[in-house]
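Residue-level listing of the chains:
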Amino acid sequence: MQHHTLRPFVGQTSSENGNNPQASVSEVMQYVARFSIHAPLRLLALMALCITTFTTTAYADHNGQIHDHDTDTAHSEQSLLTPANKSISIQTISDTSAATSTSSGDAIQKFVAGDFSKRQAMLSDWPGSVESLDSLVEFIANDELYQGNGGQTYLLNKEDQLFTYPDKKETDDWPSDLSQITLTNALRSALIFGQAKVKLASDKPAQRLQAVDILADNIDQVDPAIITTAAANEDSTKVKKALTALQARIDFKNGDLPTQIAAVNLLADSDNPQVLVDIESALAADGLDASLKAALIDAESSVSRRIEVSTWTGHIFTGMSTASILLLAALGLAITFGLLGVINMAHGELIMIGAYTTYMVQNFFQAYMPDMAGWYLLVAIPAAFLVSAIIGMIIERIVIRPLYGRELETLLATFGVSLILMQLVRMIFGAQNVEVSNVEWLSGAYQMSSSLVLPYNRIAIIVFTVIVVALLVYLLNKTRFGLFIRAVTQNRQMARAVGIPSARIDMMAFGLGSGLAGMAGCALAQVGNVGPDLGQTYIIDTFLVVVVGGVGQVWGAVLAALGLGVSGTVLEIGIGAVLAKIVLLVLVILFIQKRPQGLFALKGRFVE
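Participant: Requested: an account of the overall build of the protein, with residues and values cited.
Facilitator: Assigned secondary structure in the protein consists of 23 helices and six strands. Long-range pairs, those at least 24 residues apart, make up 70% of the contacts in the protein between residues at least 6 apart in sequence. When the accessible surface of the protein is split by element, carbon and sulfur atoms take 61% of a total near 32,500 Å².

Participant: Can you tell me about helix 11 (residues 257-267), naming the residues and giving the values?
Facilitator: Buried within helix 11 we find Gln260, Ala263, Val264 and Leu267. Angularly, the buried residues of helix 11 cover 100 degrees about the axis, an arc narrow enough to put them on a single face.

Participant: Which residues make up the sheet that holds strand 4 (residues 179-180), and what values go with them?
Facilitator: As summarised here, the arrangement of the four strands in space is 3-2-1-4, forming an open sheet in which the pairing is antiparallel. Strands at the two margins of the open sheet, each flanked by one partner only, are strand 3 (162-164) and strand 4.

Participant: Residue-level account of the pattern of salt bridges, with values.
Facilitator: Throughout the structure, instances matching the rule amount to five salt bridges. Of the charged contacts in the structure, one is a salt bridge between aspartate 541 and lysine 581, with a shortest N-O distance of 3.1 Å. Of this pair, aspartate 541 sits in helix 21 (residues 534-549) while lysine 581 is found in helix 23 (residues 577-594), placing the two residues 40 residues apart along the sequence. Owing to a relative accessible area of 15%, aspartate 541 belongs among the buried residues under this scheme. Residue lysine 581 is classed as partly exposed on the basis of its relative accessible area of 37%.

Participant: Tell me about the packing of aromatic side chains, and name the residues and values.
Facilitator: Counted by the stated rule, this structure contains seven aromatic pairs. With a centroid separation of 6.0 Å and 80 degrees between ring planes, the pair formed by phenylalanine 139 and tyrosine 165 is classed as edge-to-face. You can see phenylalanine 139 sitting in helix 6 (residues 130-141) and its partner tyrosine 165 sitting in the loop between strand 3 and strand 4, a full 26 residues away along the chain. The same class applies to phenylalanine 139 and to tyrosine 165, which are both buried. Put simply, the rings of Tyr356, Tyr359 and Phe429 pair up and form one aromatic cluster. The lysine or arginine in question, arginine 119, covers the ring of phenylalanine 111, its NZ or CZ lying 5.4 Å from the ring centre.

Participant: So, the layout of surface pockets: which residues are in play, and what are the values?
Facilitator: Looking at the largest pocket, its volume works out to about 1,200 Å³. In terms of lining, the largest pocket is formed by 36 residues, of which the most central are Leu209, Lys238, Ala242, Gln447 and Ser450. Counting only elements with at least two residues in the lining of the largest pocket, the list comes to helix 8 (205-217), helix 10 (237-254), helix 11, helix 12 (273-283), helix 13 (290-340) and strand 5 (445-449). The class makeup of the residues in the lining of the largest pocket is 16 nonpolar, 12 polar and eight charged.

Participant: Lay out the nonpolar core in plain terms, naming residues and giving numbers.
Facilitator: One recurring pattern in soluble globular proteins: nonpolar side chains tend to sit buried together. Within the largest apolar cluster, 80 residues are counted, with the highest numbers of intra-cluster contacts made by Leu331, Leu472 and Val545. At 12 residues, the largest contribution of residues to this core is made by helix 13. Among all residues touching leucine 472, those that are not within four sequence positions of it are Leu331, Ile335, Leu512, Leu516 and Val554. Formed by 21 residues, the second largest nonpolar core is a distinct cluster that contains Leu136, Phe139, Ala190 and Leu191.

Participant: Would you mind going over helix 22 (residues 554-575) in detail, with residue names and values included?
Facilitator: The terminal C-alpha atoms of helix 22, which comprises 22 residues, lie 31 Å apart, in line with the 32 Å expected from a rise of 1.5 Å per residue. Of all the residues in helix 22, the buried ones are Val554, Gly556, Ala557, Val558, Ala560, Ala561, Leu564, Gly565, Gly568 and Thr569. Glycine 576 lies just past helix 22 and shows a positive phi near 95 degrees.

Participant: An account of the confidence of the model for the protein is requested, with residue identities and associated values reported.
Facilitator: In this model, the protein carries a mean pLDDT of 75, and residues with pLDDT of at least 70 account for 80%. Within the protein, the element-level pLDDT minimum falls on helix 3 (residues 90-99), averaging 33, and the maximum on helix 15 (residues 376-400), averaging 90. Taken together, the stretch residues 1-105 has pLDDT below 50 and engages in 76 contacts with residues farther than four places along the chain or on a different chain. Ignoring residues within four places in sequence, the model shows residues 604-608, a span with pLDDT below 50, making 16 contacts including any to other chains.

Participant: Which residues make up the side chain of aspartate 271, and what values go with them?
Facilitator: Among the structural elements, aspartate 271 can be located in the loop between helix 11 and helix 12. At a separation of 3.3 Å, a polar atom in the side chain of aspartate 271 contacts the side chain of serine 310. Those residues in contact with aspartate 271, other than ones at most four positions away along the chain, are Arg306, Ile307, Ser310, Ser449, Ser450 and Ser451.

Participant: Quick rundown of a nonpolar patch on the surface? Include the residues and the values.
Facilitator: A surface patch of nonpolar side chains, amounting to about 830 Å² of accessible area, comprises Phe364, Tyr368, Met369, Met372, Trp375, Leu378, Val379 and Trp441. As for its position among the elements, methionine 369 is in the loop between helix 14 (347-368) and helix 15.

Participant: Talk me through the pairing of strand 5; I want residue IDs and the actual numbers.
Facilitator: Relative to strand 6 (residues 452-455), strand 5 runs antiparallel, the two sharing four bridges. Bridging from a neighbouring strand, tyrosine 446 pairs with leucine 454 of strand 6. Linking strand 5 back to strand 6 in an antiparallel pair, the connection comprises two residues.

What counts, and at which threshold
Sequence order as written defines the numbering, with residues in each chain counted from 1. The model is predicted, so local features are restricted to residues of pLDDT at least 70 and side-chain atom pairs to those at 80 or more, both for listing and for counting; the totals for chains, interfaces and linings are taken over all residues. The side-chain figures draw on all heavy atoms in the structure; neither hydrogens nor water molecules are used. Each helix is a run of DSSP H or I of at least 4 residues and each strand a run of E of at least 2, with the numbering of both proceeding from the N terminus. When checking whether two residues touch, look at their non-hydrogen atoms; a contact exists if any pair is within 4.5 Å. Calculation of accessible area relied on Shrake-Rupley with a 1.4 Å probe; when residues are assessed, cover is drawn exclusively from the protein chains displayed. Whether a residue is buried, partly exposed or exposed follows from its accessible area with a 1.4 Å probe, protein chains only, as a fraction of its type maximum: under 20%, in between, or over 50%, in that order. Picture the helix axis, draw a direction to every C-beta atom, and the arc is the one those directions span. When DSSP locates at least two bridges between a pair of strands, those strands are taken to pair. By salt bridge we mean one thing: a side-chain nitrogen of Lys or Arg within 4 Å of a carboxyl oxygen of Asp or Glu. Only centres within 6.5 Å qualify two rings of Phe, Tyr or Trp (six-membered ring in Trp) as a pair; their planes then separate them into stacked at under 30 degrees, edge-to-face at over 60, and tilted for everything else. A ring is considered to have a charge above it if a Lys NZ or an Arg CZ atom is located within 6 Å of its centre and within 35 degrees of its normal. Cavity: a set of points on a 1 Å grid over the protein atoms alone where a 1.4 Å probe fits but cannot get out. Pocket: an open set with protein on both sides within 12 Å along at least five of seven lines, its lining residues, like those of a cavity, having an atom within 4 Å of a point. Grid points are joined across faces, edges and corners, and a volume is the space filled by probe spheres set on the points. Residues were grouped as follows: Ala, Val, Leu, Ile, Met, Phe, Trp, Tyr, Cys and Pro as nonpolar; Asp, Glu, Lys and Arg as charged; and all remaining residues, including Gly, as polar. Definition of nonpolar core: a set of buried residues of the types Ala, Val, Leu, Ile, Met, Phe, Trp, Tyr and Cys, connected through side-chain atoms within 4.5 Å. By this rule the span expected of a helix is its residue count minus one, scaled by 1.5 Å. Scored between 0 and 100, pLDDT is the confidence that the predictor attaches to each residue. We call two N or O atoms a polar contact when they sit within 3.5 Å, provided that within protein one can donate a hydrogen and the other can accept it, with sequence-adjacent residues counted only if both atoms are side-chain atoms. Nonpolar side chains (Val, Leu, Ile, Met, Phe, Trp, Tyr) are joined into patches within 5 Å and like charges within 9 Å, using only residues with over 30% relative accessible area and no salt bridge.

The following block contains the structure:
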C-alpha cells in the first residue's frame, strides 16, 4: 500500500517573507483593510481555506492510521504451536516492532532475492503483513513475479508489460537475466502453511476463517496440534465452529472407533460438500463397524439435506437478483407504456446508454481522480439516470410526440431509433465489449455457509432495487408530479381541463422512465458485459414483465419480475437455458390468454 504525503496549504513561508516581522505586520494590516472592503468574499475564502486544511489533515491522519494498522498486524504474528498470550507487555510490543519493522514491499523483495533456505524460512515465519503475503501468493499464482539484475524484483503482466517493484512503474529496460519466481513442492507446502499461520494470528475473524479454509484444503498435512492450539485461543464463535469441524474431520480420518463415531455425529450438522465426499468414501469401504456405518448413513442424509437447502437458497437468491435487474429495466417501460400508450422499442438502448455512461464515469475517475476511483459508482448512478433521461426526453419531443395515437408508427419509429443508437455506440466505442470493473467495496462475497456464497454486487443490486421502488412509489403517490402523472394516465382530457400541462407531463414522465432504464444499465454493468447489444438481451424480458404485471402498474411489475426471474432461474437449472426460455414464453402466453389485463387491471383512458 502506497501512502501519499499531503501537505496542507499554509500560506507563504518565512523565507518568502524575507523573515521580516515588520513586513509581516504590514501585510496583515493591508489584508485587514482589504477584508473590511470585501468582507463577504474574504469570509467565504477563509471558510474554504479552513475546510481544505481540515480535510487534508484528516486525510493524512487517516493514511497514517492505516499504515499503523498494517504494521501492527505484521507484528501480531505468533507461532501456531504455542498458545497466544493475551497479555503482552509494552516492552514486548516494542521489541517485536523493532525486530520486524519490515514493510510489505520489503518482505516480497527479500523473498525474491533470497536463496531456497531463506525463502523457506520466510514462508514458515513471514516477516511482513498478511496483505503482503496475500500479494505474494497472487503474484506467484498469476505467474507475474520475476527476478533480475542481481535480485531486483519485477512484475510481468499478461500483456508483456514489465513493472518495477514495489513502485509498480512500467519500464522498457528489460534485464538480460530476467527469470520467473516459481515454487518447488517444499516451498509450496511452506507457503500454504505459512499463509495459514499468518492468517490465524490475525486480529480479523474473516482472515482467520480463510486460514481454516486453507488448512481444510490440505487436511492430510495438517498437524492436529495447530488446530487444538488455535481453537483454545479463539474468541470468535464462527471461527471456533469452523476449527471444531476441521478437528472433527481430522479425528474421523485418524482416530480410533469411538473417536470416529463422535466425529461423524459432530459432522452431521455440516453442510460442507467435502464432508459429504469423506462420508461417501468411508461408506464405500469394506469391513465397516455396524455402529460406525449407522452413524455414517445418518450423517450422509443430514449433510445431503443441508447442502440441498443451501443450494436451492443460492438458486433463489440468484433468481431474485435477476428479478431485480428485470424490475429496474421494466419500471421505466411500465411508466411510459401506461401513461403514453407507446411501445418503446428503444428502451433497451436506453439501458445500454446507462451502462456506457457508467463506463465513461469510471474512465474519468481513473484518469483524473485515481485516489477516488473506488467510489466512481456513487457518481455513475445519478449520471446514468440524467444522461438516459435527457436522451429519452429528446426522443419523446422529436420522434414520439408527432405520432401519438398511432401505435404501429411509434413502434416502427422507436425501433429505428434503437438501431441508430446502437450504431452510434459502435462508432464511438467500437463493436467490442468494454470493461467496467467492480468497485472494491462490492467485490467478493458473503459466505453464509460452506456451500452458500452470496456475491456482494448482487446483494447491492437487490438493495438498490428496493430503494428505487420505494422512491418511485413515493414519487407517484406523494408528490405533485406523481399526482399529475396519475391524472393524465386516468383521464387525459379531464386533466387538461383542470389546467395540467399534459404535454410537459408526457415529456417528463418519459424522461423518468428513460432515467430508470439508465440506472438499470448502471446495475447491469456491475454483473455482466457492456456492449452495443446489451439492451437487446433484456428488452424481451422487460416487455414480458410489463405485460404480465399489468400495463402501467408498479406493483404488478414487481410481482411479475420476481415470478419471471426466480422461475426462469429454476427452470434453467432443470432443463437448460434454451428450453427454459421456451417454456417461460409458453407459460406467459397461456397466462395472457386467461388474464389479458395482467396481474393488475389497468385504470385509465385505455378502458374508456
